[in-house]
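Spelled out, the chains give:
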Amino acid sequence: MLLGILKETAPGETRVALVPESLKNLLAQGIEVVVESGAGRAAGALDEAYEAAGASVTGDRPAILSEADVLPVVNALSPSDQALLKSGSVVIGFLRPLETPASLATAIALHVTLFSMELVPRISRAQSMDALSSMATVAGYKAVINAAGVLPRLFPLLMTAAGTIPPARVFVIGAGVAGLQAIATARRLGAVVEAYDVRAAAGEQVRSLGAKFLDVDLGGINTEGGGGYAAELSEEALDRGRDLIARTAARSDVIITTAQVPGRPAPRLIRSEAVRAMRPGSVLVDVAAPAGGNCELTIPGVMQTLGGVTLMAPLNLPAECPADASALYARNVLNFLGLIAKQGQLTIDLTDEVLAGACVAHKGAPVNPRVAKLLEVSQSVN
Ligand code: NAD
């Protein structure tokens, strides 16, 4: 079996799907590994390190695409790359099958098996493959570090001979994986942290990190959407959160907002008035920007200064920490590979719920029912 590691081509992408440390286990199974020259450079993994680990390195990307049996990637391949894939090969990565299913059509038509890391079921057995959580952890950390970098104030309480500096006040909206990491990071830097989430279960986790959980009376509605995720709320329920957010924003130096509902645009929770009420010099980092953003004023990918408030809307925070983001992602991918590469042989058993859940397409047909439906719709539109 030949496994290929490609250089990512998406603008701003610095991560790589497997790092040299990942190769030992694969090579021990007799799997051959070929790496595109420069694939890991931006993540600090040089060609020499892959070679030293036992891989071969080549500048011939088309050869890797057409010969590899398995291609772990970070982002989906372009249609022109997909066109080179061989029938029966396997691509594993953040393929965005629910956002852009039609962009995978070329690979599906070529009978490439596609596994999406976003669709790996969030069950205990698959926790070690949960790349969404790995990347959200990095994003939550980096959002706080970036905010601290532009905030014209210090985070910790400082008592000096020149007087006392009060601690920064950080408000985290959405206390899931990214939000909890943002809380932990801001607390480590000495900030006073408040957090809000619609899921009551998040309260205990927030408090265990030394932050204050802000409760909103949502009138007893169900806020849990299953699998630990939030449900999409009515406008009325969202408004109750928006009022709390506006009040809290006015006393916050930093807002980190991470609220998301799977498969839906991010809820618009921060009204423009709330941003206007923030003190000049305050910073808002909209971690939900890739899903449209939690703030009305967010322009995904654009950093703005509005009335002295810095509004950051980064599209790929994990790529700003490429070494550790790649190392974590590589471990998730390697654990997933363990389900399909046994003793060096490719075996795809779609009765395994993890494989079935993550499988976008196999043998020319969509497997995931949500993707199948979306593809039907996009075909009837075209
Ligand atoms: P996510 O990225 O979909 O959402 C981030 C947070 O936004 C969530 O906590 C959600 O409740 C919150 N949110 C959504 N709408 C909101 C609104 N209107 N107002 C305020 N907050 C809102 O979720 P995630 O971080 O990937 O995961 C959420 C939870 O899922 C985790 O905290 C955990 O409990 C669970 N989880 C379980 C597993 C597992 O069992 N393997 C893995 C990962 C996460």
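Structure's up top.
Residues numbered from 1 in each chain as written. Predicted model: local features only at pLDDT ≥ 70, side-chain atom pairs only at ≥ 80, totals over all residues. Heavy atoms only, no water.

S.K.: Can you explain the site of the ligand? Please cite residues and give values.
M.R.: By nearness alone, 23 residues border the ligand, and Arg122, Asp130, Val177, Asp197 and Arg199 come closest of all. The contact in question runs from an oxygen atom of the ligand to an N or O atom on the side chain of Asp197, over 2.6 Å. Arg199 is positioned with one of its side-chain polar atoms (N or O) 2.7 Å from an oxygen atom of the ligand. In the complex, 85% of the free accessible area of the ligand, which totals 840 Å², lies under the protein chains. Looking at the shell around the ligand, its residues break down into 11 nonpolar, 8 polar and 4 charged. (Near = heavy atom within 4 Å. Polar contact = N/O pair within 3.5 Å; in protein donor to acceptor, adjacent residues only side chain to side chain. Areas by Shrake-Rupley, 256 points an atom, 1.4 Å probe, with all protein chains shown as cover. Nonpolar A, V, L, I, M, F, W, Y, C, P; charged D, E, K, R; others polar.)

S.K.: Let's hear about the sheet that holds strand β10 (residues 192–196): which residues, and what values?
M.R.: Judged by pairing direction, the sheet is mixed, and its 7 strands sit side by side in the order β11-β10-β9-β14-β15-β17-β16 without closing on themselves. Here the strands that pair on one side only, and so sit at the sheet edges, are β11 (212–213) and β16 (304–306). Two elements, strand β15 (residues 283–286) and strand β17 (residues 309–312), share 3 bridges in a ladder whose sense is parallel. Directly across from Val283, in β17, lies its bridge partner Thr310. (Pairing = 2+ DSSP bridges. Helix = DSSP H or I, 4+ residues; strand = E, 2+ residues; numbered from the N terminus.)

S.K.: Account for the side chain of Asn332, with residues named and values stated.
M.R.: By the secondary structure assignment, Asn332 is in helix α11 (residues 322–340). A polar side-chain atom of Asn332 sits 2.9 Å from the main-chain carbonyl oxygen of Ser128. At a separation of 2.6 Å, a polar atom in the side chain of Asn332 contacts the side chain of Ser134. Leaving out residues up to four positions away in the same chain, Asn332 has contacts with Met117, Ser128, Met129, Asp130, Ala131 and Ser134. (Contact = heavy atoms within 4.5 Å.)

S.K.: Which residues make up the pattern of salt bridges, and what values do they have?
M.R.: Scanning all chains against the criterion turns up 17 salt bridges. Notably, a salt bridge pairs Asp130 with Arg122, separated by 3.3 Å at the nearest N-O pair. Residue classification places Asp130 among the buried residues on the basis of a relative accessible area of 15%. Given the relative accessible area of 35%, Arg122 is considered partly exposed. Residue Asp197 pairs with Arg199 through a salt bridge whose shortest N-O separation is 3.9 Å. Grouping residues by exposure puts Asp197 and Arg199 together as buried. Through salt bridges with shared partners, a single network forms among Glu235, Asp239, Arg242, Asp243 and Arg271. (Salt bridge = Lys/Arg side-chain N within 4 Å of Asp/Glu carboxyl O. Buried < 20%, exposed > 50% of the residue type's maximum accessible area, 1.4 Å probe, protein only.)

S.K.: I'd like a description of the pairing of β10, backed by residues and values.
M.R.: For a regular strand, side chains alternate in direction, first toward one face of the sheet and then toward the other. Counted residue by residue, β10 has 4 buried out of 5 residues, so it is predominantly covered. Here 5 bridges tie strand β9 (residues 169–173) to β10, and the two strands are oriented parallel to one another. Among the inter-strand pairings, Val170 is bridged to a residue of β10, identified as Val193. Handedness of the β-α-β unit built from β9, helix α7 (residues 177–188) and β10 comes out right-handed. Note: β10 against β11, 2 bridges, orientation parallel. Across the sheet, residue Ala195 finds its bridge partner in β11, namely Phe213. Note on the crossover from β10 through helix α8 (residues 202–208) to β11: the handedness is right-handed. (Right-handed = clockwise from strand over helix to strand, strands pointing away.)

S.K.: Explain α7 to me, using residue names and the numbers behind them.
M.R.: Spanning 12 residues, α7 covers 17 Å between terminal C-alpha atoms, matching the ideal 16 Å at 1.5 Å per step. With 9 of 12 residues buried, α7 lies mostly within the body of the structure. Taken residue by residue, α7 has Ala178, Gly179, Leu180, Gln181, Ala182, Ile183, Ala184, Thr185 and Ala186 as its buried positions. In this fold, the buried residues of α7 make contact with α6 (131–150), β9, β10, α8 and β14 (254–257). Where α7 ends, the next residue or the one after it, Gly190, has phi of about 95 degrees, a positive value. (Expected span 1.5 Å × (residues − 1).)

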